[in-house]
Structure formats: structure tokens, C-alpha cells
Amino acid sequence: YNIEFLGCTSKSRGVEYTDWDSFIDYLENARESKDVFMREVEICSDEGAFTLHGQMDFVILRWISGNPVIRILECKSSRKDKTYHRIQLASYVLMIKQKFAEGVVIGGVKRDVVIECTVVRVEGHAGVQDPFEVPSLNLENEMLDLVAIAQSSPGAIAVNGAIVVGYKLAGA
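Bear in mind that the values here come from a model prediction, so they are computed numbers and not experimental data. (Residues numbered from 1 in each chain as written. Predicted model: local features only at pLDDT ≥ 70, side-chain atom pairs only at ≥ 80, totals over all residues. Heavy atoms only, no water.)

Re the layout of surface pockets
Convention followed: Grid points spaced at 1 Å over the protein atoms alone were grouped into cavities, where a 1.4 Å probe fits but cannot get out, and pockets, open sets with protein on both sides within 12 Å along at least five of seven lines, with lining residues defined by an atom within 4 Å of a point. Grid points are joined across faces, edges and corners, and a volume is the space filled by probe spheres set on the points. Think of it this way: any DSSP run of H or I at least four residues long counts as a helix, any run of E at least two long counts as a strand, and we number them from the N terminus.
Reported here for the second largest pocket is a volume of approximately 170 Å³. Every element with two or more residues in the lining of the second largest pocket is listed here: strand E5 (50-64) and strand E6 (67-76).

Points about the side chain of Asp19
Formally: Each residue gets one of three labels from its accessible area relative to the maximum for its type: buried under 20%, exposed over 50%, partly exposed in between, using a 1.4 Å probe on protein chains only. Charge assignment: positive for Lys and Arg, negative for Asp and Glu; neither His nor the chain ends contribute. Salt bridges are defined as contacts in which a side-chain nitrogen from Lys or Arg sits within 4 Å of a carboxyl oxygen from Asp or Glu. Polar contact is defined as a pair of N or O atoms within 3.5 Å, subject to the rule that within protein one atom must be able to donate a hydrogen and the other to accept it, and that residues adjacent in sequence are counted only when both atoms are side-chain atoms.
With respect to the helices and strands, Asp19 occurs in the loop between strand E3 (15-17) and helix H1 (20-28). Among buried Asp, Glu, Lys and Arg side chains, Asp19 stands out as unpaired, with Lys99 the closest opposite charge at 11 Å. Polar contacts involving the side chain of Asp19 include one to the side chain of Thr9, which spans 2.8 Å. Here the side chain of Asp19 touches Ser10 through a polar contact of 3.2 Å, side chain to side chain.

Quick look at the pattern of salt bridges
It is possible for side chains of opposite charge to pair when their charged atoms get near one another. Applying the stated criterion to the full structure yields seven salt bridges. Its salt-bridge partner being Arg111, residue Glu32 comes within 3.1 Å of it at the nearest N-O pair. Of this pair, Glu32 sits in the loop between H1 and strand E4 (36-47) while Arg111 sits in strand E8 (residues 109-111); the two residues are 79 residues apart in sequence, bridging distant segments of the chain. A salt bridge links Arg71 to Glu116; the shortest N-O distance between them is 2.7 Å.

Some points on the pairing of E6
Quick note on the threshold: When DSSP finds two or more bridges between a pair of strands, those strands are recorded as paired.
In terms of burial, E6 is largely enclosed, as eight of its ten residues are buried. For E6 and strand E9 (residues 114-121), the ladder comprises eight bridges, and the chain directions are parallel. Residue pairing for E9: Ile72 is matched across the bridge by Cys117.

So, the confidence of the model for the protein
In plain terms, the rule: Across the chain, each position has a pLDDT score giving the predictor's confidence in that residue, from 0 to 100. By definition in these notes, contact holds between two residues if any of their heavy atoms fall within 4.5 Å.
Predicted confidence across the protein gives a mean pLDDT of 80, with 83% of residues reaching 70 or more. Mean pLDDT across the secondary structure elements of the protein bottoms out at helix H4 (residues 156-169), with 44, and peaks at strand E7 (residues 104-106), with 93. Every residue in residues 155-172 scores below 50 in pLDDT, and together they form ten contacts with partners more than four places removed in sequence or on other chains.

Remarks on the nonpolar core
Just so we agree on the cut-off: Buried residues of nine kinds, namely Ala, Val, Leu, Ile, Met, Phe, Trp, Tyr and Cys, make up a nonpolar core once their side-chain atoms join them within 4.5 Å.
One finds Trp20, Phe23, Leu27, Met56 and Phe100 to be the most contacted residues of the largest nonpolar core, which totals 33 residues. Looking at this core, the elements with two or more residues in it are H1, E4, E5, E6, helix H2 (83-99), E7, E9 and helix H3 (140-151). Looking at this core, the element that brings in the most residues is H2, giving eight residues. Sequence-distant contacts of Leu27, that is, excluding residues within four places in its chain, are made with Leu61, Ile70, Phe100, Val104, Val105, Ile106 and Gly107.

A word on the packing of aromatic side chains
Spelled out, the test is: Here a Phe, Tyr or Trp ring, Trp counted by its six-membered ring, pairs with any other such ring whose centre lies within 6.5 Å, and the pair is stacked when the planes are under 30 degrees apart, edge-to-face when over 60, and tilted otherwise.
Applying the stated criterion to the full structure yields four aromatic pairs. Aromatic side chains Trp20 and Phe23 sit 5.0 Å apart centroid to centroid with 50° between the ring planes, which places their arrangement in the tilted category. Residue Trp20 and its partner Phe23 are located together in helix H1, separated by three residues, close to a single helical turn. Both rings, one in Trp20 and one in Phe100, keep their centres 6.0 Å apart while their planes meet at 40°; by these two values the pair is tilted. Residue Trp20 is located in helix H1, and its partner Phe100 is located in the loop between H2 and E7; the two are separated by 80 residues in the primary sequence. The two residues Trp20 and Phe100 agree in class, both being buried.

Some points on the environment of Val93
In this fold, Val93 is placed in helix H2. The spatial distance from the C-alpha of Val93 to the C-alpha of Cys117 is 7.9 Å, given a sequence separation of 24 residues. Setting aside chain neighbours within four positions, we find Val93 in contact with Ile72, Ile115, Cys117 and Met143.

Structure representation (C-alpha cells):
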């Protein structure tokens with residue numbers, strides 16, 4: 001694949017990451033038909049009574065038939081599909097959709113964008129799954145569940161749900 005790594009823009013506690021504003025700058029200045037990727041892209045959003053924060057392992061901007069496609073990759077060493085992997089990706093998609101609700105400037109043009117996401121397995125000696133061979137996940141049910149949690153009034157159940165979601169989002 002001919003994909004350019006755009007580099008990280010920030011560093012905290014020894015970990016490099018790409019802050020959201022730099023990610024948006026990259027998109028605004030992207031060259032059409034030039035596929036690029038960023039890693040550890042930070043995102044934060046208020047969803048109802050909760051504030052979600054995370055770092056997407058990889059975000060790839062690809063051009064397919066002249067249209068931008070953003071593909072979110074989460075790399076996991078687990079061999080099995082885990083519910084919290086799907087919830088993590090669903091929360092990222094919800095946050096991006098909220099931020100891109102009015103469209104997003106990509107390559108100097110305001111556009112609608114397709115958002116794909118998948119879990120890529122890192123299998124030790126076997127290597128890493130091809131990020132373009134792994135199909136995009138349908139996370140509609142998980143997103144509906146997250147919206148229902150976020151819209152619930154604060155209370156014991158909502159707070160406990162927030163702790164569980166936050167715990168899993170933190171990678172624990």
C-alpha cells in the first residue's frame with residue numbers, strides 16, 4: 001500500500017499522539033487521492049451526561065473513487081472479538097459523527113465522509129492482520145446502546161454504567 005504516515009504532533013508521559021486539532025488540520029490540507037494515516041489520534045466529546053475521551057490507535061484517510069473514507073483501526077492482541085472492543089469503536093464513531101455533523105473540510109472542500117472501523121488482531125509471531133482485508137464492523141446496535149446510556153438521567157445505574165464504559169475505554 002502507498003500510504004504516508006503523517007507523524008504524531010504531541011507527547012505526554014513518553015507517549016506520542018496526534019491531538020484532535022492537528023488531525024483536523026491534516027484533513028483540511030489533505031491532497032485528494034493521497035492516502036495517509038495517523039496514529040494515536042485523540043478524541044473527546046460530551047455525550048449526554050458523560051464525557052468520553054480516547055485515543056484511536058490508527059486513523060487512515062483513503063480516497064476511493066474520488067471520495068474520502070476514514071477508517072479507524074483498533075489493534076488488539078486478543079484472538080476473540082470482545083464486546084468492549086466494539087463499544088470502544090462505537091464510541092469513537094459517535095464522537096466523530098457528532099464532530100462531523102455539519103460536514104468536514106477535507107482537501108480544502110467541505111464534504112460528507114464515510115467512516116469505517118474495525119479491530120485488527122496483532123497475533124505475536126503471526127504478525128498483524130491486513131487492515132484493508134478485515135471488513136468494517138456494523139456497530140449500529142452498540143451505538144444505540146451508548147446513546148441510550150448517555151441519555152439516561154444521572155443516577156446509580158447511569159453512574160455505574162459510566163464507570164464500566166470508562167474502564168473499558170481506558171484499555172483496562
